[in-house]
Amino acid sequence: KAPRLPEDIIPLLESGETSGRIHKVIAAIAADLSRQEARRAALIEALVYPLFLLCAMFIAVGVVTFYLAPSLMPIFDSAEDRKPLILSVLAAINGGGRSNLDALAVAMFAIVAGAIVGLRQPGSRTRLSALIGKLPILGGILHKQAMARYLQAAGLLTGNGVPFNQALELAVRACRIRSYHPRLKEVRQQVLKGESFVSGMRGSGLLDDATLALLAVGEDANRLPDMLERAAFLLERDATTRVDRILKLMTPAITLLMGLLIGGLVISVMSAILGINDMALQ
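Owing to the predicted nature of the structure, the values given are computational and were not obtained by experimental measurement.

### What about the overall build of the protein?
Item 1. When you go through the protein residue by residue, the secondary structure sums to eleven helices and zero strands.
Item 2. When the helices and strands of the protein are read in sequence order from the N terminus, they spell out α-α-α-α-α-α-α-α-α-α-α.
Item 3. Expressed as a percentage of its 282 residues, the buried residues of the protein come to 32%.
Item 4. Sequence separation of 24 or more characterises 65% of the internal contacts of the protein that already satisfy a separation of 6 or more.

### With respect to the nonpolar core
A general trend in soluble globular proteins is that nonpolar side chains are found buried together.
Item 1. Counting 39 residues, the largest nonpolar core has Met147, Tyr150, Leu151, Leu184, Phe197, Met201 and Leu215 as the members making the most contacts within it.
Item 2. Residue assignment for this core shows that the elements contributing at least two residues are α1 (9-19), α2 (22-72), α6 (138-159), α7 (164-172), α8 (181-192), α9 (197-204), α10 (209-220) and α11 (224-281).
Item 3. Sorting elements by how many residues they give to this core places α6 first, with nine residues.
Item 4. Aside from chain neighbours lying at most four places away, what touches Tyr150 is Leu168, Ala171, Val172, Cys175, Leu184, Phe197 and Met201.
Item 5. Counting residues in each nonpolar core, the second largest holds five residues, with Leu53, Met57, Ile254 and Met258 among its members.

### Thoughts on the confidence of the model for the protein
Item 1. The share of residues in the protein with pLDDT of 70 or more is 76%, and the mean pLDDT across the chain is 78.
Item 2. Within the protein, α10 carries the highest mean pLDDT (92), whereas helix α3 (residues 85-99) carries the lowest (60).

### Focus on the packing of α1 against α6
Item 1. The geometry of α1 relative to α6 is characterised by a closest axis approach of 10 Å and an angle of 10 degrees between their N-to-C directions. Between α1 and α6, the interaxial angle falls into the category roughly parallel. The segment α1 lies against α6, with Pro11, Leu12 and Ser15 engaging Ala153, Leu156 and Leu157.
Item 2. Class assignment for the residues of the contact of α1 with α6 results in five nonpolar, one polar and no charged.

### Points about α8
Item 1. Taking 1.5 Å as the rise per residue, α8 with twelve residues should run 16 Å; its terminal C-alpha atoms sit 17 Å apart, in good agreement.
Item 2. Inspection of α8 places His181, Leu184, Val187, Arg188, Gln190 and Val191 among the buried residues, and these make up the whole buried set.
Item 3. Tucked inside the fold, the buried residues of α8 contact α6, α7 and α9.
Item 4. Phi turns positive, to about 110 degrees, at Gly194, one or two residues after α8.

### Considering the environment of Arg188
Item 1. The residue Arg188 is located in helix α8 in this model.
Item 2. The spatial distance from the C-alpha of Arg188 to the C-alpha of Met201 is 9.3 Å, given a sequence separation of 13 residues.
Item 3. For Arg188, the contacting residues outside a window of four places in its chain are Asn165, Leu168 and Glu169.

### Things to note about the packing of α6 against α7
Item 1. Where α6 contacts α7, the two axes come as close as 9 Å, and the packing angle between them is 145 degrees. Of the two possible hands of crossing, α6 and α7 adopt the one that is right-handed. On α7, the residues that touch Tyr150, Ala153, Ala154, Leu157 and Thr158 of α6 are Phe164, Ala167, Leu168, Leu170, Ala171 and Val172.
Item 2. Looking at side-chain class alone, the contact of α6 with α7 contains ten nonpolar, one polar and no charged residues.

### Some remarks on the environment of Leu68
Item 1. Along the chain, the position of Leu68 falls in helix α2.
Item 2. Residue classification places Leu68 among the partly exposed positions, given a relative accessible area of 30%.
Item 3. Distance in space between the C-alpha atoms of Leu68 and Val266 is 9.8 Å, their sequence separation being 198 residues.

### Focus on the side chain of Ser204
Item 1. Along the chain, Ser204 falls in helix α9.
Item 2. Beyond its immediate stretch of four places on either side in the chain, Ser204 contacts Arg183 and Val187.

### Topic: unusual backbone geometry
Item 1. A positive phi angle, close to 60 degrees, is found at Asn222, a residue other than glycine.
Item 2. If you trace the backbone, Asn222 turns up in the loop between α10 and α11.

What counts and how
Residues numbered from 1 in each chain as written. Predicted model: local features only at pLDDT ≥ 70, side-chain atom pairs only at ≥ 80, totals over all residues. Heavy atoms only, no water. Helix = DSSP H or I, 4+ residues; strand = E, 2+ residues; numbered from the N terminus. Buried < 20%, exposed > 50% of the residue type's maximum accessible area, 1.4 Å probe, protein only. Contact = heavy atoms within 4.5 Å. Core = buried A, V, L, I, M, F, W, Y, C linked by side-chain atoms within 4.5 Å. pLDDT = per-residue confidence, 0-100. Axes fitted to C-alpha atoms, helices over the stretch in contact; angles between N-to-C directions. Parallel < 35°, antiparallel > 145°, perpendicular 65-115°, else oblique. Nonpolar A, V, L, I, M, F, W, Y, C, P; charged D, E, K, R; others polar. Expected span 1.5 Å × (residues − 1). Left-handed = near helix turned anticlockwise from the far one by under 90°.

This is the structure in structure tokens:
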């Protein structure tokens, strides 16, 4: 009943109560939440400058579209056939944006409300998670994070004395991509039938060969809980590294885009202004 409590924490607490090691489980949860908060703070700090650049770009485009272009249009009213294309386009955007502002606001409100209602429907989160998981870059990051949470929960549960079949059942709820749950439940069913955990995970297609090799070593050496947590750490580190690389590339990419967009608009408008001399001579 605790407010804003992450859903994947509940099975961990259940395992702690069941095994009589609630103090260790709570300590592990607190350490994990602390790491998540540190990563979230670092992510927000890294996004500040790219977001500032985006805002500056939109403001600059807005100034050119809604202020500079309308002020130049009267100069070319007498020469409709010689009106620069860029000014015609900006004028059309300016007029359409202002005249349809109310309709645009209503449409945005309808889209947001529809998304909120849709996410509350049964199965909608599963379909959404499956769709996001197919995205080229973001999907890979979310996949690694989800599997890291699953392996971490399974390792923590088995390390605290929870039976392996029960640990796998509870760990499924720690995976944040709901579309993976049926395959993870199938892994548990195969383990109950006598197959190894690594064999079941290999059949699910949710883990790469390097992670499966690490888990296989843990099974052979009877140290599977330690290898589960180690594999979770490596997957989480890989996901964090990818996020850091994207953030490092985001700032120069936005800067380049802003320079091309604003530079192109300014050059086009200045060319139109300089073309006034040619019109005067004719």
